[in-house]
Amino acid sequence: MTLPVLVDSHCHLDFPDFGPEVDEVVARAHAAGVGLMVTISTKVSEFDRVRAVAERFPHVFCTVGIHPHEAASEPETDKATLVELAKHPKVVGIGETGLDYFYEHSPREAQQRNFRAHIAAARETGLPLIVHTRDADADTARILDEEMEEGAFPGLLHCFSSGPELAEKAIKLGLYVSFSGIVTFKNAESLRETAATVPMDRLLVETDAPYLAPVPKRGKRNEPGFVVHTAARLAEIKGVTAAELAEATTANFLKLFARVPPEAVLRP
């Protein structure tokens, strides 16, 4: 019988936090039962570095996009540029993109233009949109609604930390919801209540490594292998076994990230 494996749907293996250790980090993830990782682009100007990491490992894929924090500092990128860069076979998603009104490192208008350009690229390529949203639920929901009216596109809300209303909106729009180590934190009971309401067929797991290490690794540099702890907590929340959670979230990942061939998932 094939044992279930997990996918870390969102990490940042190109970040300097990993540096020369990236080979060991990937090896530890595989040893922990993580069969595939997606390393996420935050700057188009550094996309070559992200792509190079994905090219090094058969079980690592990547995305192309501009994080909302970088919406003003990066050259303004249009749909055509994103679509062209997304032609590389290792690119399996568009983003991360979205809105962050907590830090507001970029003006809201720039973030919103950036968000809509990424949505247009996701719509044209059919690749899933990776949405970052923080303290911007109303505008995120409004833009997703407006853009869906222009034509459907696949996607997910990554590192979900909002309330049940935004999760419900995403699900109604056909999107997925991904949970990170935040769901294991002691003060995250309301987030666990929201996670309990997300249908199993719309659920993903991630690390957002090197950030947000889950309990019992909190305070350490996060890495993809730690997704097992987030998955274990989600399994408890959903009232299923760890194996059932792994099987469901990996199946969801492969359905959403349709460019990833199922045989690319490393299985024990």
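Everything below is about the structure printed above this text.
Residues numbered from 1 in each chain as written. Predicted model: local features only at pLDDT ≥ 70, side-chain atom pairs only at ≥ 80, totals over all residues. Heavy atoms only, no water.

Caption draft 1: Fine view of the side chain of Gln111. One can find Gln111 in helix α4 (residues 108-125). Within the structure, the side chain of Gln111 is placed 2.6 Å from the backbone nitrogen of Asp100, a separation counted as a polar contact. Residues in contact with Gln111, not counting those within four places in the same chain, are Pro68, Ala71, Gly98, Leu99, Asp100, Tyr101, Glu104 and Ser106. (Helix = DSSP H or I, 4+ residues; strand = E, 2+ residues; numbered from the N terminus. Polar contact = N/O pair within 3.5 Å; in protein donor to acceptor, adjacent residues only side chain to side chain. Contact = heavy atoms within 4.5 Å.)

Caption draft 2: Representation of the pairing of strand β7 (residues 176-179) within the structure. A two-sided burial pattern is seen for β7, the buried positions comprising Tyr176 and Ser178 on one face and Val177 and Phe179 on the other. Pairing analysis gives two bridges linking strand β6 (residues 155-157) to β7, with the strands arranged parallel. From the neighbouring strand, Leu157 faces β7, where its bridge partner is Val177. Traced from β6 through helix α6 (residues 164-172) to β7, the parallel crossover comes out right-handed. (Buried < 20%, exposed > 50% of the residue type's maximum accessible area, 1.4 Å probe, protein only. Pairing = 2+ DSSP bridges. Right-handed = clockwise from strand over helix to strand, strands pointing away.)

Caption draft 3: Inspection of the pattern of salt bridges at higher detail. Under the counting rule described, the total for this entry stands at 22 salt bridges. Here Lys87 makes a salt bridge to Glu84, at a shortest N to O gap of 2.9 Å. Overlapping salt bridges, with partners in common, bring together Arg116, Arg123, Asp139, Arg142, Glu146 and Glu147 in one network. (Salt bridge = Lys/Arg side-chain N within 4 Å of Asp/Glu carboxyl O.)

Caption draft 4: The state of the cysteines, seen in detail. Counted by the stated rule, this structure contains zero disulfides. You can see Cys62 has no disulfide; the closest cysteine sulfur is in Cys11, sitting 11 Å from it. Overall, the relative accessible area of 0% leaves Cys62 in the buried class. For Cys159, which is in no disulfide, the shortest distance to another cysteine sulfur is to Cys11 and amounts to 13 Å. (Disulfide = S-S within 2.5 Å.)

Caption draft 5: Representation of the side chain of His132. Its place among the elements puts His132 in strand β5 (residues 129-134). In terms of polar contacts, His132 uses its side chain to reach the side chain of His67, at 3.4 Å. Beyond its immediate sequence surroundings of up to four residues, His132 is in contact with His67, Pro68, Glu96, Thr97, Gly98, Leu99, Asp100 and His158.

Caption draft 6: Representation of the environment of Arg56. With respect to the helices, strands and loops of the structure, Arg56 is situated in helix α2 (residues 47-56). Every residue in contact with Arg56, bar those within four places of it in the chain, is listed here: Val22 and Asp23.

Caption draft 7: Quick look at the packing of aromatic side chains. One pass over the structure, following the stated rule, counts four aromatic pairs. Seen in terms of ring centroids, Phe15 and Tyr211 are 6.1 Å apart; in terms of plane orientation they differ by 70°. Their pairing is edge-to-face. Taken together, the residues Phe15 in the loop between β1 (6-11) and α1 (22-32) and Tyr211 in the loop between β8 (203-205) and α8 (227-238) connect sequence positions 196 residues apart. Assessed through its relative accessible area of 41%, Tyr211 is described here as partly exposed. Aromatic side chains Phe160 and Phe179 sit 5.9 Å apart centroid to centroid with 70° between the ring planes, which places their arrangement in the edge-to-face category. Note that Phe160 is positioned in the loop between β6 and α6 and Phe179 in strand β7, a separation of 19 residues in sequence. (Phe/Tyr/Trp six-rings, centres within 6.5 Å; stacked < 30°, edge-to-face > 60°.)

Caption draft 8: Up close: unusual backbone geometry. Cis geometry marks the peptide bond from Gly95 to Glu96; its omega dihedral reads 20°. With an omega of 15°, the peptide bond running from Val215 to Pro216 counts as cis. Along the chain, Pro216 turns up in the loop between β8 and α8. Even without a glycine there, the phi angle at Glu104 is positive, about 50°. Within the secondary structure layout, Glu104 lies in the loop between β4 (91-100) and α4.

Caption draft 9: Region of interest: the packing of α4 against helix α5 (residues 137-150). In contact at an axis separation of 11 Å, α4 and α5 are set at 35° when each is read in the N-to-C sense. When the axes of α4 and α5 are compared, the crossing they make is right-handed. Contacts between α4 and α5 involve Gln112, Phe115, Arg116, Ile119 and Arg123 from the former and Asp139, Thr140, Arg142, Ile143, Leu144, Glu146, Glu147 and Glu150 from the latter. Within the contact of α4 with α5, the residues separate by chemical class into four nonpolar, two polar and seven charged. (Axes fitted to C-alpha atoms, helices over the stretch in contact; angles between N-to-C directions. Left-handed = near helix turned anticlockwise from the far one by under 90°. Nonpolar A, V, L, I, M, F, W, Y, C, P; charged D, E, K, R; others polar.)

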